[in-house]
Amino acid sequence: MVEAGVIFGRYQIFHLKHMEGVLAAKMRCNKLYIGITHPDIVAYAATSPLDVNGVTKRENPLTYFERMEMIQGALRDFGVKRKEFEIIPFPISQPDLITQYAPKEATYYMSLCTPWDEEKYRILQSQGLKTEVLWRRNSEEMGVTGKIIRELITEDKEWQQHVPRSVAEYIIEHGLDRKIRELNYLYVESSK
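Because the structure is predicted, anything quoted here is derived from the model rather than measured. (Residues numbered from 1 in each chain as written. Predicted model: local features only at pLDDT ≥ 70, side-chain atom pairs only at ≥ 80, totals over all residues. Heavy atoms only, no water.)

Participant: Now, about helix α6 (residues 165-173): what can you tell me, with residues and values included?
Facilitator: Considered for burial, the residues of α6 that qualify are Ser-166, Val-167, Ala-168, Tyr-170 and Ile-171. Two residues or fewer after α6 comes Gly-175, characterised by a positive phi angle close to 70°. (Buried < 20%, exposed > 50% of the residue type's maximum accessible area, 1.4 Å probe, protein only. Helix = DSSP H or I, 4+ residues; strand = E, 2+ residues; numbered from the N terminus.)

Participant: How would you summarise the packing of aromatic side chains if you had to cite specific residues and measurements?
Facilitator: Enumeration according to the criterion identifies 3 aromatic pairs in this entry. Taken together, a centroid distance of 4.3 Å and an interplanar angle of 10° make the contact between Phe-8 and Phe-90 stacked. Taken together, the positions of Phe-8 in strand β1 (residues 2-9) and Phe-90 in the loop between β3 (85-89) and α3 (98-101) put the pair 82 residues apart, joining distant regions of the chain. As far as the burial class goes, Phe-8 and Phe-90 line up, both buried. Note on Phe-90 and Tyr-108: the rings are 6.3 Å apart at their centroids and 50° apart in plane angle, and the pair reads as tilted. Placement of the pair is Phe-90 in the loop between β3 and α3 and Tyr-108 in strand β4 (residues 107-112), with a sequence separation of 18 residues. Judged by its relative accessible area of 0%, Phe-90 falls in the buried class. Counting every residue linked through ring pairs, the aromatic cluster contains Phe-8, Phe-90 and Tyr-108. Here Arg-82 stacks its cationic end above the ring of Phe-85, 4.4 Å away from the centre of that ring. (Phe/Tyr/Trp six-rings, centres within 6.5 Å; stacked < 30°, edge-to-face > 60°. Lys NZ or Arg CZ within 6 Å of the ring centre and 35° of its normal.)

Next comes the structure, spelled out in structure tokens:
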């Protein structure tokens, strides 16, 4: 077991597949740093053509703070002690800044499912960061995604079973389901 590990994602609705990756990484390290990419889509805008989801407010409806609180609640639900993790910004679109937020000596954990994941892997390697692939999956094996959950919310279909209980409660309590629907409506209207 290593001392420090890092895992990262957009977490534009932290769901059970995200939790699977976070817990797999946590099992390999004493302290896990959970990086939130695109903490601000203006300051940390997507710079790669493969980063198709790091661009619009519709694809990034949740703030850094909202995502941080959801992740904290979910980890608490799953019994991860607060002293065993930190949640940090993770500027994947500005790789030279990564170690401003995350420990350079940590092991960086990833799942490889898309061409964008492969590029992120190369980015970490180019920064001299030790990386470990948790698993490789094709798009059919990915399962639920944040985009699918946001679509279910927009269509007023069942979505709660795909997220930790505390995440569903947080989304409803803070009106984030309404926010997601409104952003989708605005996007559809502006596309007409």
